[in-house]
Amino acid sequence: MNTWEMLAVFTAGISAGAINTIVGSGTLITFPVLLAVGLPPVTATVSNGLGLIPGSVSGAIGYREELRGQGRRVLKFAAGALIGGLTGATLLMSLPPTAFETIVPVLVALALVLVILQPRISKAVQRRREHSGTHARTDGGPLLFAGLMLASVYGGYFTAAQGIIYLSLMGMLLDDTMQRLNAVKNVLAAVVNSVAALFFLFVADFDWTAVVLIAVGSALGGQIGARIGRRLSPTVLRALIVVVGTAAIVQLLLR
């Protein structure tokens, strides 16, 4: 890479770290930049996954206040994310790229619909619980665990928009604030990126220059994203998710 290409990758890393912390889909910034500077698709995916680990960890640290009291929930979800992330990374090495890319826009679109409808659905579920006298499970039950694990399979494969899918699933099945759910999302993303990256270290080629530039940039971006994201109201955060998710769908369809 020349100096300008390195600057472009570094800047993309900052942007991706911030967007991943607030919403998700930062890969849709870094991945095209890595392709533009000449990296092959699989090498770009692997290098991007390695580089985004510090950003995910940085974002999770930035949301540490919102993580208080969620220890058991996070540990349970993280176990599923670990299994899913490793499975997704394995699939990346064994399946043709078109296998998942065909269904990715559909998954993101479904997640966006769930995010938009989440307040109404949550109210309907709450009314049903009140009528039946039952209470919401603090961990969302087996359905949420399975959904998050499947989302992590996708995250280990490509990572783009996995945060939006996490938020839509948790928003549907957990009675909690968007900010606290966003904090959990950042931890799950960190787990998936880390386990996938460790797997890639032993079986795939990567570009260390790209990894370092994205790593430093995403770590800075994670802190920036946490400062901005924690100040957003649930309505604004939900609207931002929809905007970013829609842009993700458009970009994925045009690839």
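Keep in mind it's a predicted model, so treat the numbers as computed, not measured.

## Describing a nonpolar patch on the surface
Here is step 1 of the chain: A cluster of nonpolar residues, V42, M93, L198, L201, F202, V203, W208, V212, V216 and L220, forms a patch on the protein surface that exposes about 970 Å² of accessible area.
Here is step 2 of the chain: By the secondary structure assignment, L198 is in helix α11 (residues 178-203).
Here is step 3 of the chain: For L198, a relative accessible area of 52% gives the class exposed.

## With respect to helix α9 (residues 141-157)
An α-helical segment advances 3.6 residues per turn. Residues three or four places apart therefore align on the same side.
Here is step 1 of the chain: For α9, spanning 17 residues, the distance from its first C-alpha to its last is 25 Å, which sits close to the expected 24 Å at 1.5 Å a residue.
Here is step 2 of the chain: Here α9 has its buried residues at G141, L144, G147, L148, A151, S152, V153, Y154, G155, G156 and Y157.
Here is step 3 of the chain: Directly beyond the C-terminal end of α9, a positive phi value near 80 degrees is found at T159.

## Description of the pattern of salt bridges
Here is step 1 of the chain: Under the criterion given, the structure shown has 4 salt bridges.
Here is step 2 of the chain: A salt bridge links E65 to R68; its shortest N-O distance comes to 3.0 Å.
Here is step 3 of the chain: Salt-bridge contacts for E66 lead to R230; the nearest nitrogen and oxygen are separated by 3.0 Å. Taken together, the residues span a long stretch of sequence, with E66 in helix α5 (residues 64-67) and R230 in the loop between α12 (208-229) and α13 (234-254) at a distance of 164 residues.
Here is step 4 of the chain: Counted as one network, the salt bridges with shared partners bring together R73, D176 and R180.

Analysis parameters
Residues numbered from 1 in each chain as written. Predicted model: local features only at pLDDT ≥ 70, side-chain atom pairs only at ≥ 80, totals over all residues. Heavy atoms only, no water. Patch = residues over 30% accessible without salt bridge, like charges linked within 9 Å, V, L, I, M, F, W, Y side chains within 5 Å. Areas by Shrake-Rupley, 256 points an atom, 1.4 Å probe, with all protein chains shown as cover. Salt bridge = Lys/Arg side-chain N within 4 Å of Asp/Glu carboxyl O. Helix = DSSP H or I, 4+ residues; strand = E, 2+ residues; numbered from the N terminus. Buried < 20%, exposed > 50% of the residue type's maximum accessible area, 1.4 Å probe, protein only. Expected span 1.5 Å × (residues − 1).

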